[in-house]
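Here is what each chain is made of, one letter per residue.
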Amino acid sequence: MSHYPDYSLLELASVCEGDSVGATLANSVAYAQHAETLGFKRFWLAEHHNMEGISSSATSVLIGHIAGKTRTIRVGSGGVMLPNHPPLVIAEQFGTLESLYPGRIDLGLGRAPGTDPITARALRRDGLGAEQFPEDVARLQSLLGPLQPGQAVKAIPGAGTNVPIWLLGSSLYSAQLAAMRGLPYAFAGHFAPRLYREALKIYRDNFQPSEQLQRPYTILAVPAVPADTMEEAKHLATTSYQRILALFRGQPLWMKAPVESMDGLWNAGERAGVKDFLALQLLGDAAAIRNQLDELLASVTVDEVMFTVDIHDPEKRRHALSILEKTRH
């Protein structure tokens, strides 16, 4: 690689078992502020619905809150799940955010609903959902672009703000669409590790320059558990193991305290499933994580690595960012 990638963060505003949403969001703010002081490039929030333990469902509201409590870090969505929303509403929300925090807002878009079918219907978006994703993306681009003569529907605020649009994906579909449209692309390796090499290659090989972007630009999202020692990292990682186990079992996704051992909490099949889900997880002290990152980046070209850090103790989670920052030097 010609340069070491920039570092960014993906946040789900995960609620620790027994905590309030208010306390969780205060921790998210402190986490973003610490990332900013360390020079992280962006802080993205993911849209999920009907999931106990994840409090980032009103994504644009949280983006505004975090942007207002920080000064330089880019804040955005990773992503807004477009099938849930009329493009006009998203254009107005992000046009407003861009007007409040000029040059700091990113609009990452996903094609999945980020929830279950019943909740997707409760979000009240009639129509084809994921099937009309390409048209919805194009509509958003035009709503955020310059006003055209005789344009009947305008995003006010929004028109002319040209908020950067990103496509997010966990399959090859979004990689192809992002390449075709000349948009930056982020791959969700933090929960779908299997196709990251193919997706990023397809995107780079097929990229068509656009007004927004002259050359391909990629982010790879990966889970990380940085700690002062490998032993501590392995202990802290049991928080994310318990969480993904709960996801597999359809249970609430509270962040649970780390445990001494996962024995008895999962069976062999579940253990294999969790490890597979976290195949790209970086784990250990700064030296170990740097080695794991170098190995990962040897096989793929990315401009940024976006970390998800599931650590139960907010102070240790902030400290984990300081450890990550050391791996850049």
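Residues numbered from 1 in each chain as written. Predicted model: local features only at pLDDT ≥ 70, side-chain atom pairs only at ≥ 80, totals over all residues. Heavy atoms only, no water.

A.B. asks: Looking at this model, I keep getting lost on the pairing of strand S2 (residues 42-45). Mind explaining?
C.D. replies: Successive side chains on a regular strand alternate, one facing one side of the sheet and the next facing the other. What you see with S2 is no split at all: Arg42 and Trp44 on one side and Phe43 and Leu45 on the other are buried throughout. Relative to S2, strand S1 (residues 6-11) is paired through three bridges, and the arrangement is parallel. Within S2, the position partnered with Leu10 by the bridge is Trp44. Considered for its hand, the β-α-β crossover made up of S1, helix H1 (residues 21-37) and S2 is right-handed. Two strands pair when backbone bridges link them, and S2 and strand S3 (residues 74-81) are joined in this way by four bridges, in the parallel orientation. Across the sheet, residue Leu45 finds its bridge partner in S3, namely Ser77. Traced from S2 through helix H2 (residues 59-68) to S3, the parallel crossover comes out right-handed. (Buried < 20%, exposed > 50% of the residue type's maximum accessible area, 1.4 Å probe, protein only. Helix = DSSP H or I, 4+ residues; strand = E, 2+ residues; numbered from the N terminus. Pairing = 2+ DSSP bridges. Right-handed = clockwise from strand over helix to strand, strands pointing away.)

A.B. asks: Got a minute to help me understand helix H9 (residues 238-249) in this structure?
C.D. replies: Given 3.6 residues per turn, any residue in an α-helix points the same way as the ones three and four places further on. Under the 1.5 Å per step criterion, the end-to-end length of H9 is 16 Å for twelve residues, consistent within 8% with the ideal 16 Å. Of all twelve residues that make up H9, nine are buried, and the element is covered over most of its length. Looking at the residues trailing H9, positive phi occurs at Gly250, about 70 degrees. (Expected span 1.5 Å × (residues − 1).)

A.B. asks: Is there a simple way to think about helix H3 (residues 87-100) in this case?
C.D. replies: Compared with an ideal rise of 1.5 Å per residue, which puts 14 residues at 20 Å, H3 spans 20 Å between its outermost C-alpha atoms and is within 8% of the ideal. In this fold, the buried residues of H3 make contact with H2, S3, strand S4 (105-110) and helix H5 (133-144). (Contact = heavy atoms within 4.5 Å.)

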